[in-house]
Amino acid sequence: MGFHILVLAGGSGTRLWPLSRRSTPKHLLPLAPGGETLLRSTLERVAGLGDTVRVVTAATQAGGCRDALTGLGLADDAIIEEPEARGTGPALALAVGLIERQDPDALIASVHADHRVSDRDAYRAAVVASAGWAAATDGLATVGLVPAAPVTGFGYIEVAGARDPQAWQPPPGSSPAAAAAAGALPAFESAGFKEKPSAEVAQRYVADGRHLWNLGLFSWTARRFGAELEAADPEFAATIDRVIDARLAGDEALATSIYAALRLQPVEPLVLERTHRLTVVQASFGWSDLGSWLDVGQSREADGDVDGDGNVIEGDVITTSARGCTVVSRSGRIVAVAGIDGIVVIDTLDAVLVVPADRSQLVKVIVDRLQALGRDELL
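I will try to describe carefully the structure that is included in this document. (Residues numbered from 1 in each chain as written. Predicted model: local features only at pLDDT ≥ 70, side-chain atom pairs only at ≥ 80, totals over all residues. Heavy atoms only, no water.)

## Here we look at unusual backbone geometry
The general pattern is negative phi for most residues beyond glycine and trans for most peptide bonds.
And then number 1: The linkage connecting Trp-17 with the following residue, Pro-18, adopts the cis geometry, with an omega of 10°.
And then number 2: Among the secondary structure elements, Pro-18 is positioned in the loop between β1 (3–8) and α1 (38–46).
And then number 3: At Leu-290, a position not held by glycine, the phi torsion is positive, near 45°.
And then number 4: In this structure Leu-290 comes out as buried when scored by relative accessible area, which is 1%.
And then number 5: Despite not being glycine, Ser-321 has its phi angle at roughly 50°, a positive value.
And then number 6: Tracing the backbone through its elements, the reader meets Ser-321 in the loop between β13 (317–320) and β14 (326–329). (Helix = DSSP H or I, 4+ residues; strand = E, 2+ residues; numbered from the N terminus. Buried < 20%, exposed > 50% of the residue type's maximum accessible area, 1.4 Å probe, protein only.)

## A look at the packing of helix α8 (residues 234–248) against helix α9 (residues 252–260)
Two quantities define a packed helix pair, namely the angle between the axes and the distance from one axis to the other.
And then number 1: Running from N to C, α8 and α9 point in directions that differ by 165°, and their axes come no closer than 7 Å. When the axis of α8 is compared with that of α9, the two are roughly antiparallel. Between α8 and α9 the crossing geometry is left-handed. Taken together, the residues of α9 that come into contact with α8 (itself represented by Thr-239, Ile-240, Arg-242, Val-243, Ala-246 and Arg-247) are Glu-252, Leu-254, Ala-255, Ile-258 and Tyr-259. (Axes fitted to C-alpha atoms, helices over the stretch in contact; angles between N-to-C directions. Parallel < 35°, antiparallel > 145°, perpendicular 65-115°, else oblique. Left-handed = near helix turned anticlockwise from the far one by under 90°. Contact = heavy atoms within 4.5 Å.)

## Quick word on the environment of Val-7
And then number 1: Examined against the element boundaries, Val-7 turns out to sit in strand β1.
And then number 2: Judged by its relative accessible area of 0%, Val-7 is buried.
And then number 3: Along the backbone, Val-7 and Ala-113 are 106 residues apart, and their C-alpha atoms lie at a distance of 5.8 Å.
And then number 4: Those residues in contact with Val-7 that sit more than four places away from it in its chain are Leu-39, Thr-42, Leu-43, Val-46, Val-53, Arg-54, Val-55, Val-56, Val-111, His-112 and Ala-113.

## Points about the side chain of Arg-116
And then number 1: Looking at where Arg-116 falls in the secondary structure, it is placed in strand β5 (residues 116–117).
And then number 2: Side-chain polar atoms of Arg-116 contact the backbone oxygen of Leu-31, separated by 2.4 Å. (Polar contact = N/O pair within 3.5 Å; in protein donor to acceptor, adjacent residues only side chain to side chain.)

## Points about the packing of aromatic side chains
And then number 1: This structure, assessed with the given rule, holds seven aromatic pairs.
And then number 2: Pairing Tyr-123 with Phe-285 gives two aromatic rings, centres 5.7 Å apart and planes at 70°, and the pair type is edge-to-face. Separated by 162 residues along the polypeptide, Tyr-123 in helix α4 (residues 120–137) and Phe-285 in the loop between β10 (278–283) and β11 (287–288) bring together distant segments of the chain. Here the two residues Tyr-123 and Phe-285 agree in accessibility, since each one is buried.
And then number 3: A ring pair is formed by Trp-213 and Trp-287, whose centres lie 6.0 Å apart and whose planes are at 50°; its orientation type is tilted. Separated by 74 residues along the polypeptide, Trp-213 in strand β9 (residues 211–221) and Trp-287 in strand β11 bring together distant segments of the chain. Like Trp-213, the residue Trp-287 is buried in the burial classification.
And then number 4: By way of ring pairs, the aromatic residues Phe-154, Trp-213 and Trp-287 are connected into one cluster. (Phe/Tyr/Trp six-rings, centres within 6.5 Å; stacked < 30°, edge-to-face > 60°.)

## Describing the pattern of salt bridges
And then number 1: All told, the structure shown has 26 salt bridges when counted by the stated rule.
And then number 2: Taking the shortest distance from any N to any O, the salt bridge between Asp-305 and Arg-300 comes out at 2.6 Å.
And then number 3: Judged by relative accessible area, which is 38%, Asp-305 ranks as partly exposed.
And then number 4: A relative accessible area of 13% places Arg-300 in the buried class. (Salt bridge = Lys/Arg side-chain N within 4 Å of Asp/Glu carboxyl O.)

## A closer look at the sheet that holds strand β16 (residues 343–347)
And then number 1: Read across the open sheet, the four strands follow the order β12-β14-β16-β17; overall the sheet is mixed. Since the sheet does not close on itself, it has two edges, and those belong to β12 (312–314) and β17 (352–356), each with one partner. Neighbour-to-neighbour, the strand axes of this sheet turn through a mean angle of 5°, independent of strand direction.
And then number 2: Two strands pair when backbone bridges link them, and β14 and β16 are joined in this way by four bridges, in the parallel orientation. Looking at β16, one finds that Thr-326 is bridged to Val-344. (Pairing = 2+ DSSP bridges.)

## A closer look at the nonpolar core
And then number 1: Of all hydrophobic cores here, the largest spans 49 residues; its most connected members are Ile-5, Val-7, Leu-39, Val-55 and Phe-285.
And then number 2: Ignoring anything within four residues of it in the chain, the contact list for Leu-39 reads Val-7, Ala-9, His-27, Leu-28, Val-55, Cys-65, Ala-68 and Ala-113.
And then number 3: By size, the runner-up hydrophobic cluster in this structure holds 41 residues, among which are Val-96, Phe-193, Ala-222 and Ile-258. (Core = buried A, V, L, I, M, F, W, Y, C linked by side-chain atoms within 4.5 Å.)

## Considerations on α8
And then number 1: Over its 15 residues, α8 runs 21 Å from end to end, which matches the ideal 21 Å to within 8%, given 1.5 Å per residue.
And then number 2: Those residues of α8 not exposed but buried are Phe-236, Ala-237, Thr-239, Ile-240, Val-243, Ile-244, Ala-246 and Arg-247.
And then number 3: Packing partners of the buried residues in α8 comprise β3 (79–82), α3 (88–102), α7 (222–232), α9 and α10 (267–272).
And then number 4: Gly-250 sits one or two positions beyond α8 and adopts a positive phi of about 85°. (Expected span 1.5 Å × (residues − 1).)

In structure tokens, the structure reads:
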């Protein structure tokens, strides 16, 4: 039984437009501490946790992802290409299915490439803890983060009875240091996923102590995931098998045509919300999914990467009498901001975004409008 880490590097990060585009999605932007890309930072964070690390990405983003692998010593098959983006459900089903054909008993942990984490060791321990519980229970496991605030834009997991800590076992081939910390993390039975609650409900979730943020960090054996997928959606499982058969036979055109017919869907409703074998590991570490320019500004502020007025500045920028702004110039032009607080200004060669930081979720509306107008050159 090998222990494999899958890094999901999909999506386009539309809420970080105009920097994030289809060709330069969020995980390929230098948004990690020290100016690294989020993907590179994630790969370095999970390095050495298990036997292998592989990146799961859409074929159109594979080139950019390969560039992020430079110097990490990963295997030639470290990229698993999804024929086209179909969400975490199909992507994981394809990647896990390919691994299962080689090693049905493989233990797999899945993480996201576009998360920013401030405590590397706590994160690594949580991933190893979830993998250990997946192996120990012959089930599925996830990491739930103790919520820092009653956020309405996140999914939550409700926890029930505690797991016996004596039942946990370290994954084979896992980092000894991470395994030592992992065994101390509490784990629970899952009582179900709760999606994006109202402000009132989110406050109740934080207060009751039984609801954790869903980070999308999952573990399972290849065999168990395949069995759960088959039970949840036999037709979908059969379609994935046909895609894998075509790919292994060298017929990528057929694999792509079959895969393209799948509907886009997350792995949670596809498998995890239907299983009765889910363990939730409770963890606590600094984390952000950088879902908006407000999140980017706050993460940079937490790192101390701001000027004396709390402004995030990048490129040729001048500010005066301005506080708490995020101002980025990637156009070669000078951008000047004066007499205004809490705004985001992103200047690129072909687009300029100006939005209040606390309303930066509206960026997705702009992207939807551009799509409706057929302005594909800006997406």
